[in-house]
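Here are the chains, one letter per residue:
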Amino acid sequence: YGVIERHGDYLFFPEGDGYKDENLTLSAYDLKTGNKQLLYDLSQYREDFGKYLPSGIFFLRAIEDNLYFSLSGYITGSALYSIPLPLKSGVKPKLITANKNLTEITQEFGRYWITGGFGDGGGSTSFRALFDPKNGKMGRLIQTQSDLGVGTHFIGARDDDAYIAE
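Residues numbered from 1 in each chain as written. Predicted model: local features only at pLDDT ≥ 70, side-chain atom pairs only at ≥ 80, totals over all residues. Heavy atoms only, no water.

J.: Lay out the overall build of the chain with the relevant residues and their values.
T.: A tally of helices and strands in the chain yields 0 helices and 15 strands. Burial analysis of the chain (166 residues in total) assigns 40% to the buried set. Summarising the internal contacts of the chain: among those between residues at least 6 apart in sequence, 31% fall at separations of at least 24. About 9,600 Å² of surface is accessible on the chain, with carbon and sulfur atoms providing 49% of the total. (Helix = DSSP H or I, 4+ residues; strand = E, 2+ residues; numbered from the N terminus. Buried < 20%, exposed > 50% of the residue type's maximum accessible area, 1.4 Å probe, protein only. Contact = heavy atoms within 4.5 Å. Areas by Shrake-Rupley, 256 points an atom, 1.4 Å probe, with all protein chains shown as cover.)

J.: Lay out the nonpolar core in plain terms, naming residues and giving numbers.
T.: Residues Tyr-40, Leu-67, Phe-69 and Leu-71 are the most contacted members of the largest nonpolar core, which totals 21 residues. At the level of secondary structure, the elements contributing two or more residues to this core comprise strand S3 (25-30), strand S4 (36-41), strand S5 (56-63), strand S6 (66-72) and strand S7 (79-84). Setting aside chain neighbours within four positions, we find Leu-71 in contact with Leu-24, Tyr-40, Leu-42, Phe-49, Pro-54, Gly-56, Ile-57, Gly-77, Ser-78, Ala-79 and Tyr-81. Counting residues in each nonpolar core, the second largest holds 11 residues, with Phe-59, Ile-63, Tyr-68 and Leu-80 among its members. (Core = buried A, V, L, I, M, F, W, Y, C linked by side-chain atoms within 4.5 Å.)

J.: Could you give an account of the sheet that holds S7, with specific residues and numbers?
T.: Judged by pairing direction, the sheet is antiparallel, and its 4 strands sit side by side in the order S5-S6-S7-S8 without closing on themselves. Edge positions in the sheet fall to S5 and strand S8 (94-97), since each has one partner strand and no second. Sheet twist, expressed as the average angle between the axes of neighbouring strands with direction ignored, equals 25 degrees. Sheet analysis places S5 next to S6, joined by 7 bridges and oriented antiparallel. Bridged to Phe-59 within S6 is Ser-70. (Pairing = 2+ DSSP bridges. Axes fitted to C-alpha atoms, helices over the stretch in contact; angles between N-to-C directions.)

J.: Lay out the sheet that holds strand S2 (residues 10-15) with the relevant residues and their values.
T.: Reading across the sheet, the 4 strands line up as S1-S2-S3-S4 and stay open at both edges, with antiparallel pairing between neighbours. Every other strand in the sheet has two partners, leaving strand S1 (5-7) and S4 as the edge strands with one partner each. Across the sheet, the mean angle from the axis of one strand to that of its neighbour is 25 degrees, orientation sign disregarded. Two strands pair when backbone bridges link them, and S2 and S3 are joined in this way by 6 bridges, in the antiparallel orientation. Residue Phe-13 lies in a different strand from S3, and its bridge partner there is Ser-27.

J.: Please give an account of the pairing of strand S9 (residues 104-108) that cites residues and values.
T.: In this structure, S9 lies alongside strand S10 (residues 111-120), joined through 5 bridges in antiparallel fashion. Counted as the bridge partner of Glu-108 is Arg-111 from S10.

J.: Provide a residue-level description of the packing of aromatic side chains, including the pertinent values.
T.: By the definition in use, this model includes 7 aromatic pairs. Measuring from ring centre to ring centre gives 5.0 Å for Tyr-40 and Tyr-81, while their planes differ by 50 degrees; the resulting arrangement is tilted. Remark: Tyr-81 occurs in strand S7 and Tyr-40 occurs in strand S4; sequence separation between them is 41 residues. With a relative accessible area of 1%, Tyr-81 lands in the buried category. An aromatic cluster of at least three residues, connected via ring pairs, comprises Tyr-40, Tyr-45, Phe-69 and Tyr-81. One residue, Arg-128, lies across the ring of Trp-113, its end atom 4.9 Å from the ring centre. (Phe/Tyr/Trp six-rings, centres within 6.5 Å; stacked < 30°, edge-to-face > 60°. Lys NZ or Arg CZ within 6 Å of the ring centre and 35° of its normal.)

J.: Requested: an account of the pairing of S5, with residues and values cited.
T.: Side-chain positions along a regular strand alternate between the two faces of the sheet. The buried fraction of S5 amounts to 6 of the 8 residues, a majority that puts the element mostly inside the structure. Taking the residues between adjacent antiparallel strands as the criterion, S5 and S6 are bridged by 2 residues, where Glu-64 takes a positive phi near 50 degrees.

J.: Can you tell me about the side chain of Ser-72, naming the residues and giving the values?
T.: With respect to the helices, strands and loops of the structure, Ser-72 is situated in strand S6. Among the residues examined, Ser-72 registers a relative accessible area of 10% and is labelled buried. For Ser-72, the contacting residues outside a window of four places in its chain are Pro-54, Ser-55, Gly-56, Phe-58, Gly-77, Ser-78 and Thr-103.

Below, the structure is given as structure tokens:
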């Protein structure tokens, strides 16, 4: 999937293809020692996804002192996880959200947001929630929709309210 992230002396990368019924894993490669460390193995976290397993790891990003990654796919379960950095032996990924519509972390307007959505047949729905990487907490979910370019559009949000226009 071409998702690779470098942070410090590590390269983080996924392996496996869910479309081919291969197990999905996330590993770290230590550039100094040449050692590879398994960080995540989907076979150990199947309960986070329900009946439909994700097809890949499509988001991978180091933000401040955490590595964030999400597993998702078309009409599958999704989950967004974090792993504290620098890496320590025995640390397990922490589930941030298993909402199938929240699959990435972006930085906009000087704030971090967990974002995602879906679209098909001319319509789309977008989701976003404020995210604080210092404490790992997600704010209230905001949903917007657009049908064939006409509909409700997100304009702005603060901690306690949002402005929506139609």
